[in-house]
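Chain by chain, the residues:
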Amino acid sequence: MKIVLNGDPKDVKASTLAELLDECGFSGRVATAVNEEFVPSSLRVAHALSEGDRVEILSPTQGG
């Protein structure tokens, strides 16, 4: 399926947001949004992805 991940087109096999995180190698604490709507971590397993969805995944970074 084709989605837009962090602004870039991407072909993925994942059918849920949780599967997408695994497929793309995201681990630890991240914030997620699909089509500009925040998706809490507790709902990622059940959040189905659709063709053309716009997904944002943000992870905290340290620095100064």
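### Side note on the nonpolar core
Okay, so step 1: If you look at the biggest cluster of nonpolar residues, it comprises 13 residues, and the most contacted ones within it are Ile3, Leu5, Leu17, Leu20, Val34, Val55 and Ile57.
Okay, so step 2: Those elements that place two or more of their residues in this core are β1 (2-5), α1 (17-23) and β5 (54-58).
Okay, so step 3: A per-element tally of this core places α1 first, with three residues.
Okay, so step 4: Here leucine 20 is in contact with Ile3, Leu5, Val12, Ala14, Leu49, Val55 and Ile57, once residues within four sequence places are set aside.

### Section: the pattern of salt bridges
Okay, so step 1: Counting across every chain of the model gives two salt bridges.
Okay, so step 2: For aspartate 11, the salt bridge goes to lysine 2, with nearest N and O atoms at 3.8 Å.
Okay, so step 3: We classify aspartate 11 as exposed; its relative accessible area is 54%.
Okay, so step 4: For lysine 2, a relative accessible area of 51% puts it in the exposed group.

### Examining the sheet that holds strand β4 (residues 37-39)
Okay, so step 1: An order of β2-β1-β5-β3-β4 is seen for the five strands of this open sheet, with the pairing classed as mixed. Looking at which strands have only one partner, the edges of the open sheet turn out to be β2 (8-11) and β4. Averaged over all pairs of adjacent strands, the angle between strand axes in this sheet comes to 35°, irrespective of strand direction.
Okay, so step 2: Two strands pair when backbone bridges link them, and strand β3 (residues 31-34) and β4 are joined in this way by three bridges, in the antiparallel orientation. Looking at the pairing, threonine 32 lines up with valine 39 of β4.

The rules behind these values
Residues numbered from 1 in each chain as written. Predicted model: local features only at pLDDT ≥ 70, side-chain atom pairs only at ≥ 80, totals over all residues. Heavy atoms only, no water. Core = buried A, V, L, I, M, F, W, Y, C linked by side-chain atoms within 4.5 Å. Buried < 20%, exposed > 50% of the residue type's maximum accessible area, 1.4 Å probe, protein only. Helix = DSSP H or I, 4+ residues; strand = E, 2+ residues; numbered from the N terminus. Contact = heavy atoms within 4.5 Å. Salt bridge = Lys/Arg side-chain N within 4 Å of Asp/Glu carboxyl O. Pairing = 2+ DSSP bridges. Axes fitted to C-alpha atoms, helices over the stretch in contact; angles between N-to-C directions.

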